[in-house]
Amino acid sequence: MKNLSIFQKGFLDVLPLTIPVVPFGIIYGVIGTEIGFSPLMTFVMSFVIFAGSSQIAFTQLFFTGASPIVIIGSVAAINSRHLLYGAVLSQYLNKLHLGWRILLSYLMTDQAFSVSSFYLKKNKNKFNSYYHLLGSGFTLWFLWQVSTLIGIFLGNIVPEQLGLEFTIPLTFLALIVRELRKIDHLIVIMFSGISSLIIYNLPYKIYVIVSAFIALVVSYFLIINSKKTKK
Amino acid sequence: MIWFWILTAGIVTFLTRFSMIALINPNLLSDNLKKVLTYVPSAVFPAIIFPAVFLDKKGLMLSIDNPQILGFLIAIIVGYFFKNIILTIFSGLISYWMLVFWLS
């Protein structure tokens, strides 16, 4: 198969998963400008960070007065799931030039990973199968930039009285709504949420990181425990 | 200064994407650690969600009949049954607007 047709396959495979990405990008653009970032800043964040939930968390924490270290720590924590994706993808990409690996890393998102890791696994022996990841990644990147711009434009029109900051918790809820049916995830969610309320008044808004850490420790014990019961 | 922190956030995000792909031996992550990473959204997002829904700007608990809390509960119910991202966000937002309008 030619490079271009594999690229196209990546584009087509990821397309259904981009349906929620566009409104998500628009919401980010609206919130960013509504909450006080300049349009340029809001756009540059989509370009430089290119990770929706991190950008929204960054915006939210910045304007509640969190210390920069806490903001960066939260961004790192949210993005730590990428380590998992990288660990899976590296076996297919480790022979590529450094430039390619940098580009494909930058473009790697939840959606691109979920379609392209599947393709790469099935087409292990094709020398150019990484074009699939380029296709899926670029498609998502392009839509993210465009939808951010639309959001920035709308943010300048939409009146502040609509209370659109409320879309921030709603957006994060929407991202974990699938986990509500799993009892182990529900336990982790409750530990994180309730501890964040209890320790909210600690300095520098450090509650975000501490609560996440507590919840991850809980998840570790749940994993150990489920292994024991399986034996 | 804000530009500096945006750039830092960008570099940190990139490194989480790049580090495992750049490593020669990606088996550095133990099986348990890989499993813990699948819980990351469930562990981090509620710490952002809960205070934004249940606390006011001073960090005090809102009363249970606050439009924000009711809108949030409606979004949970809709999300639980439909498992749809956009539907979850908009059901919460629209019911929040209706409650604000209705209660004022």
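Residues numbered from 1 in each chain as written. Chains lettered and ligands numbered in written order. Predicted model: local features only at pLDDT ≥ 70, side-chain atom pairs only at ≥ 80, totals over all residues.

## A look at the overall build of chain B
Next, step 1: The helix and strand tally for chain B stands at 5 helices and 0 strands.
Next, step 2: Along the chain direction, N to C, the helices and strands of chain B fall in the order α-α-α-α-α.
Next, step 3: Relative to the 2.2 N^0.38 estimate, which gives 13 Å for 104 residues, the radius of gyration of chain B is 19 Å and therefore markedly larger than a compact globule would have.
Next, step 4: Structurally, chain B occupies a C-alpha span of about 60 × 40 × 25 Å along its principal axes.
Next, step 5: The buried share of chain B, reckoned over its 104 residues, is 39%.
Next, step 6: For chain B, long-range pairs separated by at least 24 residues make up 29% of all intrachain contacts whose partners lie at least 6 apart in sequence. (Helix = DSSP H or I, 4+ residues; strand = E, 2+ residues; numbered from the N terminus. Rg over C-alpha atoms; globule rule 2.2 N^0.38 Å. Buried ≥ 20, exposed ≤ 12 C-beta atoms within 10 Å, placed from the backbone. Contact = placed C-beta atoms within 7 Å.)

## Some thoughts on the domain arrangement of chain A
Residue and element names in this part refer to chain A.
Next, step 1: What the domain assignment lists for chain A is domain 1 (3–162) and domain 2 (182–230).
Next, step 2: On a C-alpha basis, the centroid separation for the pair domain 1 and domain 2 is 26 Å.
Next, step 3: Taken together, the 9 residues of domain 1 in the interface contact 6 residues of domain 2.
Next, step 4: Per element, the largest residue contribution to the side of domain 1 that touches domain 2 is 4 residues, and it comes from helix H5 (residues 68–79).
Next, step 5: Considered class by class, the residues forming the side of domain 1 that touches domain 2 number 4 nonpolar, 5 polar and no charged. (Domains from an automatic or database assignment. Nonpolar A, V, L, I, M, F, W, Y, C, P; charged D, E, K, R; others polar.)

## Some remarks on the domain arrangement of chain B
How big an interface is tends to be stated in terms of the accessible area lost upon association of its parts.
Next, step 1: According to the domain assignment, chain B consists of domain 1 (1–30) and domain 2 (39–103).
Next, step 2: Each of domain 1 of chain B and domain 2 of chain B was reduced to a C-alpha centroid, and the two centroids are 31 Å apart.

## Observations regarding helix H11 (residues 183–198) of chain A
Next, step 1: Compared with an ideal rise of 1.5 Å per residue, which puts 16 residues at 22 Å, H11 of chain A spans 22 Å between its outermost C-alpha atoms and is within 8% of the ideal.
Next, step 2: Listed as buried for H11 of chain A are His185, Val188, Ile189, Phe191, Ser192, Gly193, Ser195 and Ser196 of chain A. (Expected span 1.5 Å × (residues − 1).)

## Quick word on the interface of chain B and chain A
Next, step 1: Taken together, the 58 residues of chain B in the interface contact 69 residues of chain A.
Next, step 2: Secondary-structure elements contributing two or more residues to the side of chain B that touches chain A are helix H1 (2–22), helix H2 (31–38), helix H3 (40–54), helix H4 (67–82) and helix H5 (85–103) of chain B.
Next, step 3: Ranked by the residues each element gives to the side of chain B that touches chain A, the list is headed by H1 of chain B, at 17 residues.
Next, step 4: When the residues that make up the side of chain B that touches chain A are grouped by side-chain class, the tally is 41 nonpolar, 13 polar and 4 charged.

## Here's the deal with unusual backbone geometry
All names here are of chain A.
Next, step 1: One non-glycine residue, phenylalanine 50, lies in positive phi territory at about 50°.
Next, step 2: Mapped onto the secondary structure, phenylalanine 50 falls in the loop between helix H3 (39–48) and helix H4 (52–63).
Next, step 3: At tyrosine 204, a residue that is not glycine, the phi angle is positive and equals roughly 60°.
Next, step 4: With respect to the helices, strands and loops of the structure, tyrosine 204 is situated in the loop between H11 and helix H12 (207–230).

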